[in-house]
Structure formats: C-alpha cells, structure tokens
Amino acid sequence: MSSSICRSVQSDTLTRLAQAIAVAVSATLAGCQSTSQLPQTDAVHTPNIAARAKQKPVWLTEKPSPQVPQDVWERMRQGFQLQETAGVNPRIEQQRLWFASNPSFLENAGERGSLYIHYIVERLEERNMPLELALLPVIESAYNPMAYSRANAVGLWQFIPSTGRYFNLRQTRFYDGRRDITASTTAAMDYLTRLHDMFNGDWLLALAAYNAGEGTVSRAIERNEKLGLPTDYWNLPLPSETQAYVPKLLALSQVVLAPDAYGVNLNPIANEPYFQVVEINQRMDLSKVAAVANIDEDELFQLNPSFKQRTTIDGPQHLLVPTSKAQLLTASLSTMRPEELISQRALKPVFENVDDSEVEGARRTYRVKRGDNLAQIAKANKVQTKDLQRWNKLSGHKLKVGQTLVMQDTKPTKSTGKRISTVVAANSKNQKKQTQYKVKQGDSLYVVAKRFNVEMQHLKRWNPRMGKALKPGQMLTVYSPH
C-alpha cells in the first residue's frame, strides 16, 4: 500500500473516532445536567482529541542528504549523463579493451589533469553539461596543455588556429589563447553547446562534429536522409577517426565508473580548487613570480602555458597560481617594484612541442626568388617540404616571386616511450634506488616528481644540467628509498 493511501485511511479513522466521542459526550451531558457534572479533565481533553485527529501524521520517510564527494572522480561519476546512450556496442567494447590493456595512459593523463579537472568539472556543472565531457581532454591531449598535433591543433582542447580565433582565442608570438586553461575551456564549452543546439540536443552528434567538423556530420546526415537510412551517430558514414572518437569517450567514461574492474589505478583528486586567479597590472616573468611566491616555476608554467616565452606579454592581466600560494603572491606583489619582476635577459626563441617526432624551434623567413620551387627551398634550409607547406598553409607547390615563407628550425627526436633502468646506489646513510627516467612527450618537472613521489627541488638537485624546461628524450636521475 502506498504511503498516501495509508495516510488517508488513518486520517479518516481518527476523524470518525473523534466524532463518535463528541456525540457520546454531548448525550451524557444532556442527560445528566441536573444530577451530576463531568470531571473537568474530561471536558478539557475532548476538543484536544478532535484537534489531534485533524493533524497530519508525521512520516519518517525523508532520506538523508547525500554527502559531498571528497574525490573529483566520484563527483564526475555522479554527473555522467551519456551512459544510457551506450548500451552494448562492439565499437565501445573495442575501445574499452584498449584502455584496460593500457592502464598507464589514463593514470598518467589523470596525474597531468589533476591541476585542471576540478575547474573543468565545475564549469560543466554550471552549464548542466554531461560530466563525461571532463574526460574529453584525455582523448584530445592526454591533459597536456602543451600538446601540438600534426593538424596544428594546440592545447587541452586541441583548437586549430581558425577555430581558436573564431572563439576569441588570440594567438601571437608571446601568447596563445588555445593553451590558456580558463579561456580555452570556456571556448570549448561554447563550441560544444553550439554543436549540441545545432544537432537538436544530440550529444553524440555534437561530439562527432567537434572532432570532424559540423559540415562533415551535416553532409553525412543529409546522405542518409536521401537514402532513407537512420541518421543517428551510430549509422552515419563518418571518417574512421570520428567513428572511433565517440566510442572512445563512452568507453573511457565506463572505465572511470569502475576503474578497479579494468585494472586502472586512479589516484584521488581533491574536490577543491587547485588554483586561484590573481590579478596583475604589469609585465612579469614567471620565473620571478615563482620565486616571490615560493612556487615551483615548472608548476606555475603548467598553470599558465599560454605565455609561450614565460613572460606575461599579450595575454590577460591575471595569473593562475596554486590556491595555497595566492595570498602570499598578492601580498608580495603589492610591495615590489616593477623592475623586480622582470628578468634582465634577452627573450629566448620560442620552443613548442610539435608532435611525437619533433620539437619546433626558432622561426625564420625566406623571400621567394624567381626560379625557386618548394623542394629546392626546403632542401637549402634543411627542412621537409611537407613542413614548409604546413607552416605556410600551402595546399600545393605553387609559389609567387616575393612571397615570404615562414620556417622553423627542427630538432628530430624519436619517441620510444619511457625506458627506465634501475641500479642500487650506495649512500652514506642508507641504500637508495637510482632510476634513469626518459622524459616523454607532455612530461613536466611537476608530473615527474609526482610520479616518483619526490620533491621537485630534489629532482633539480639530482639533475643540475636539465635546464628550466624538460624535453622529450632527456634522461633524468631519480633517487627513491630502496
């Protein structure tokens, strides 16, 4: 029986009981007025019975309010909205098998993303968007804000230059909004919301369009409509990359729902802001800011990767800093002279990660002369023809006399994944394990230190020649207790 029926029956019973008592009392009073009187207590209690009968019963059916999760992963799971669309699908199962076979991929991406995930989850919740979308940077960039693809896409959300500019992500020699953590996140959510509306509230089609472009998805829908075929995501003739893109996100979400079942170890991420915005009103070098606020320089750059030369030129007038250091930085900036926050060195050339096989370096230009062709120019400048085409957005080989070509010095490296050899080194106090770690694409000093559970200052002391920024292929020495 439902609770509402129970309440109705009990209320009627109590009402009828009160009415019967009231009638009996009235009759007794009428017959006994001349001979006796009712006790005062009975007369007082009679109306109280009727009053109590009219009161609604109290039902102890309220559930206690759910506790706020302490871990961002759990908060994310509670906000998943796309799982009902998954079902049993071989394309999803194939991707899920890959994640289960490569647990370190998600584990490492989670380490890098620990600085940003709380912020992204909060922004998604504000817009009531599926929290599975917080995993999109895992697929796009492995949560590496420095990621740079062959298609010239950059940042956590992998914006190409034109789309970045459309969503107000400025790109100059000193600043790239596509690598700006907060600006690119806003742009990505604006873009996804627009695609969601464009495809009538279908998140799977919106995600497919985020990967392949709205034109590609729209043309596939029109083709199926003409042929009388279904127009949902699973039945569209899309590029192979896009056919795997949505299943990859859904599979990744399922792994996050039950990581232990797939042999994945997701380290907890505190459900609290990792960074805070600190306003600035002048040009600053990140190295100086880091020293003032006792912040590791590499960690500060991971939070502000849009400043390509580690100087706050051309970008927004604020910095993202670890929450625990924000108050100290604000107080220090108020007492320092402007010249104390600027390095005296000359600005160094820009170095950016291009892809898994090369590191892009200093830019230079070449003016096309009569008789030049693309292959000759590439050979003379020791670069690849395809790179010349990419740097200058050339679809073919035609050149014009007087045309200026941009090119960049490249230093080839081979990405062979991490190779670790371990030896035991004697120490005057105890035995320590010495590990040689090969830096991978996307690694930072902060990430490596966290991976080996050591202090960043110790990493610097053990590797005095490693420089300020890590490069893929670089070997680091790490000591840990044996």
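Keep in mind that this is a model prediction, so the values were computed, not measured.

Enquirer: Please clarify how the nonpolar core should be interpreted in this entry.
Expert: Nonpolar side chains in soluble globular proteins generally cluster together in the buried interior. Core analysis: the biggest nonpolar cluster contains 84 residues, and M76, I120, L135, F159, Y210 and V217 have the highest contact counts within it. Beyond its immediate sequence surroundings of up to four residues, F159 is in contact with N152, A153, V154, G164, F167, L169, R178, S184, A187, A188, Y191 and Y210. By size, the runner-up hydrophobic cluster in this structure holds 19 residues, among which are M146, A293, F301 and A326.

Enquirer: Would you take a moment to explain the packing of helix α6 (residues 117–126) against helix α9 (residues 181–198) for this structure?
Expert: A pair of packed helices can be characterised by two numbers: the angle between their axes and the separation between those axes. Running from amino to carboxyl end, α6 crosses α9 at an angle of 35 degrees, the nearest separation of the two axes being 11 Å. The element α6 and its partner α9 pack so that their crossing is right-handed. From α6, Y119, I120, R123 and L124 reach across to α9, where they touch T182, T185 and M189. A per-class count over the contact of α6 with α9 returns four nonpolar, two polar and one charged.

Enquirer: Explain unusual backbone geometry to me, please; I cannot follow it from the model alone.
Expert: Peptide bonds are mostly trans, and most non-glycine residues show a negative phi. The phi dihedral of Y143 is positive, around 55 degrees, even though this residue is not glycine. Take Y143: it is sitting in the loop between α7 (136–141) and α8 (161–166). Judged by its relative accessible area of 1%, Y143 falls in the buried class. The residue R310 is not glycine, and still its phi comes out positive at about 60 degrees. Mapped onto the secondary structure, R310 falls in the loop between α14 (297–303) and β2 (318–322). On the basis of relative accessibility, which here comes to 14%, the residue R310 falls in the buried class.

Enquirer: How should α9 be read in this particular structure?
Expert: Between its first and last C-alpha atoms α9 spans 26 Å; for 18 residues at 1.5 Å apiece the expected length is 26 Å, and the two agree. Those residues of α9 that fall on the buried side of the exposure criterion are I181, T182, S184, T185, A187, A188, M189, Y191, L192, L195 and H196. Looking one or two residues beyond α9, the residue adopting positive phi is N200, at roughly 55 degrees.

Enquirer: Help me out: how do you make sense of the pairing of β2 in this one?
Expert: Counting buried positions along β2 yields five of five residues, so the element is predominantly enclosed. Sheet topology note: the strand β1 (residues 275–279)/β2 ladder contains five bridges and is antiparallel. From the neighbouring strand, V277 faces β2, where its bridge partner is L320.

Enquirer: Honestly, the environment of Y245 in this entry has me stumped. Any pointers?
Expert: Along the chain, the position of Y245 falls in helix α12 (residues 240–257). The class for Y245 is buried, based on a relative accessible area of 6%. In the structure, Y245 is positioned 106 residues away from I139 in sequence and 8.3 Å away in space, judged by C-alpha atoms. Apart from the residues within four sequence positions on either side, Y245 is in contact with L136, I139, E140, L207, Y210, N211 and Y233.

The rules behind these values
Residues numbered from 1 in each chain as written. Predicted model: local features only at pLDDT ≥ 70, side-chain atom pairs only at ≥ 80, totals over all residues. Heavy atoms only, no water. Core = buried A, V, L, I, M, F, W, Y, C linked by side-chain atoms within 4.5 Å. Buried < 20%, exposed > 50% of the residue type's maximum accessible area, 1.4 Å probe, protein only. Contact = heavy atoms within 4.5 Å. Axes fitted to C-alpha atoms, helices over the stretch in contact; angles between N-to-C directions. Helix = DSSP H or I, 4+ residues; strand = E, 2+ residues; numbered from the N terminus. Left-handed = near helix turned anticlockwise from the far one by under 90°. Nonpolar A, V, L, I, M, F, W, Y, C, P; charged D, E, K, R; others polar. Expected span 1.5 Å × (residues − 1). Pairing = 2+ DSSP bridges.

By themselves, these observations are geometric and do not establish any function.
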